[in-house]
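Listed below, chain by chain, are the residues.
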Amino acid sequence: MSDYFDNESNANASWNVTDDKVEYVVDHGDHTHSLDLTSVTLEEMYENTNQVMGDAHRAASHDYKDND
């Protein structure tokens, strides 16, 4: 299975980590996704990164940019 992060090689992405929230924000040009990983444990990320990230990406809304 390919690595989730390999699939994001053409997108700009960043981590936003605060005391209350962990998000991975993926910018696809005309829209972004904010993957909420707040409740994911380190064990889950270590053992099943692709599934966790894929599920979070599919659950995230498409936040379309205003291109005016």
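Higher on the page you've got the structure.
Here's a quick rundown of the structure. (Residues numbered from 1 in each chain as written. Predicted model: local features only at pLDDT ≥ 70, side-chain atom pairs only at ≥ 80, totals over all residues. Heavy atoms only, no water.)

**Remarks on the pattern of salt bridges**
Inference 1: Here the structure, examined in full by the defined rule, presents two salt bridges.
Inference 2: The shortest N-O distance in the salt bridge between D55 and R58 comes to 2.8 Å. Residue D55 and its partner R58 are both found in helix α2 (residues 42–59); the two are separated by three residues, about one turn of the helix.
Inference 3: What makes D55 partly exposed here is its relative accessible area of 37%. (Salt bridge = Lys/Arg side-chain N within 4 Å of Asp/Glu carboxyl O. Helix = DSSP H or I, 4+ residues; strand = E, 2+ residues; numbered from the N terminus. Buried < 20%, exposed > 50% of the residue type's maximum accessible area, 1.4 Å probe, protein only.)

**Quick notes on the nonpolar core**
Inference 1: Ranked by size, the top nonpolar core spans 10 residues in total: Y4, Y24, V26, L35, L37, M45, V52, M53, A56 and A60.
Inference 2: Elements represented by at least two residues in this core include exactly β2 (22–27) and α2.
Inference 3: Tallying contributions element by element places α2 first for this core, with four residues.
Inference 4: In this structure M45 touches V40, V52 and M53, once residues within four positions along its chain are discounted. (Core = buried A, V, L, I, M, F, W, Y, C linked by side-chain atoms within 4.5 Å. Contact = heavy atoms within 4.5 Å.)

**Digging into the packing of aromatic side chains**
Inference 1: Within the structure shown, the criterion is met by one aromatic pair.
Inference 2: Geometrically, the ring pair formed by W15 and Y24 is tilted, given 4.7 Å between the ring centres and 55° between the ring planes.
Inference 3: According to the relative accessible area criterion, W15 is partly exposed, its value standing at 43%. (Phe/Tyr/Trp six-rings, centres within 6.5 Å; stacked < 30°, edge-to-face > 60°.)

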